[in-house]
Amino acid sequence: MDLEALVRQASDILDDAVEPFLAGHRADSAVRKKGNDFATEVDLAIERQVVDALVARTGIEVHGEEYGGADVDSPWVWVLDPVDGTFNYAAGSPMAGILLGLLRDGEPVAGLTWLPFTGQRYTAVDGGPLMKNGEPQPKLAPGELADALVGAGSFSADSRGRFPGRYRVALLENLSRLSSRLRMHGSTGIDLAFVADGILGAAISFGSHVWDHAAGVVLVRAAGGVVTDLAGERWTPASRSALAAAPGVHEEILEILRSTGQPEDY
């Protein structure tokens, strides 16, 4: 497979999805999911549009957030999030985008992140470089946590699950002692793209959905950043969390994670 050619084809397909994405801003909930999550009609329509076009033009099947599809451990599979940041999108916030990753035997090898409201289009293939609006970007320089913006996922302090709310509060409290620049954008895909672009020094994701992460993992690695899970193991589609950061910052945050203790202790 020619990864660069596949990214060009996929870029045209995502460009075609920009108009309905913009037109559907503030769309109401159409499908209720687990907890208070939901999907809009725009999520559903864009996924159908992009999936049909990708299969027709690239011959590669798709695993989408809303409709599922091919197994993520297939030899080749696209992974699509048609509207990342759905709560933001429905509320009228511009912090939402379209995420598309390509997995080869479970390894992310190409990533595309479209942010239509801000006009940013990020692409990368395994080995780099990071491309922003068609232009190659410089590699990330090593950084320090004290100088970095850090993105983190939103949550309830009373939530349970794999990473209880009290654990997340403790982690953010410890992070804040070295970086007072914590941010919650409400979009994992945006956080990862911003790490790759050098806007954020790091991003912490407590989520496990492959469609939220696959595209951004490729972007960050192509830019020279590091992506692991919160235990420091290399990120894979089976990972249950993610830590993406510039060199240096990643190591500092891992130390804070270790000092915070295990999630089950909370």
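Residues numbered from 1 in each chain as written. Predicted model: local features only at pLDDT ≥ 70, side-chain atom pairs only at ≥ 80, totals over all residues. Heavy atoms only, no water.

Under an unreviewed UniProt entry, the protein has the name inositol-phosphate phosphatase and belongs to Mycobacterium gordonae. Under the heading Catalytic activity (unreviewed entry), UniProt records this for the protein: "a myo-inositol phosphate + H2O = myo-inositol + phosphate". The annotation that UniProt attaches to the protein under Cofactor (unreviewed entry) is "Mg(2+)". (UniProt positions renumbered as here; feature names shortened; annotations may be inferred.)

In terms of regular secondary structure, the protein is built from seven helices and 15 strands. On C-alpha atoms alone, the protein measures out to a radius of gyration of 17 Å, which is about the 18 Å that the 2.2 N^0.38 rule sets for 266 residues. When the backbone C-alpha atoms are referred to their principal axes, the protein occupies close to 50 × 40 × 35 Å. By residue count, 53% of the 266 residues in the protein fall in the buried class. (Helix = DSSP H or I, 4+ residues; strand = E, 2+ residues; numbered from the N terminus. Rg over C-alpha atoms; globule rule 2.2 N^0.38 Å. Buried < 20%, exposed > 50% of the residue type's maximum accessible area, 1.4 Å probe, protein only.)

Let's shift gears to the sheet that holds strand β13 (residues 202-205). Read across the sheet, five strands follow the order β12-β11-β13-β15-β14 without closing on themselves; strand pairing throughout is mixed. A single partner strand is all that each edge strand has here, and the edge strands are β12 (182-183) and β14 (226-228). Here three bridges tie strand β11 (residues 150-152) to β13, and the two strands are oriented parallel to one another. What sits directly across from Val-150, in β13, is Ala-202. Strand contacts of helix α5 (residues 188-196): β11, β13 and β15 (242-245), with the helix running at about 155° to β13, the strand carrying the most contacts. The strands touched by helix α7 (residues 249-260) within the sheet are β13, β14 and β15, with β15 carrying the most contacts at an inclination of about 145°. (Pairing = 2+ DSSP bridges. Contact = heavy atoms within 4.5 Å. Axes fitted to C-alpha atoms, helices over the stretch in contact; angles between N-to-C directions.)

Bringing the sheet that holds strand β5 (residues 76-84) into the picture now. Overall, mixed pairing links the eight strands, which are arranged β4-β3-β5-β6-β7-β8-β9-β10 in an open sheet. Each edge of the open sheet is held by one strand with a lone partner, namely β4 (68-69) and β10 (135-136). Note that β5 and strand β6 (residues 97-104) share seven bridges and pair antiparallel. Within β6, the position partnered with Asp-81 by the bridge is Leu-99. Packed on one face of the sheet, helix α2 (residues 41-58) meets β3 (62-64), β4, β5 and β6 and runs near 155° to β5. In this fold α5 packs onto β5, β6, β7 (107-115) and β8 (120-125), with an angle of close to 100° to the strand it touches most, β7.

The next subject is α7. In this model, α7 (12 residues) spans 17 Å end to end at C-alpha, consistent with the 16 Å of a helix rising 1.5 Å per residue. Residues of α7 that are buried: Val-249, His-250, Ile-253, Leu-254, Ile-256, Leu-257 and Thr-260. Take α7 and look down its axis: the buried residues cluster within an arc of 160°, on one side only. What points out from α7, more than 90 degrees from its buried face, is the exposed set Arg-258 and Ser-259. Looking at the buried positions of α7, the neighbouring elements they touch are α4 (165-176), β13, β14 and β15. (Expected span 1.5 Å × (residues − 1). Arc of directions from axis to C-beta.)

Before going further, it helps to spend a moment on the UniProt feature "binding site: Mg(2+)" (unreviewed entry) in the protein. The residues that UniProt annotates with the feature "binding site: Mg(2+)" (unreviewed entry) are Glu-65, Asp-81, Asp-84 and Asp-212. Sequence-wise these annotated residues cover 148 residues; spatially they are packed, their C-alpha atoms never more than 9.7 Å apart. Position of Asp-84 among the secondary structure elements: in strand β5. Not counting the four nearest positions on each side in its chain, Asp-84 is found in contact with Met-95, Ala-96, Gly-97, Leu-99, Ser-187, Thr-188, Gly-189, Ile-190 and Asp-212. Residue position: Asp-212 is located in helix α6 (residues 210-222). On the accessibility criterion, Asp-212 (13% relative accessible area) is buried.

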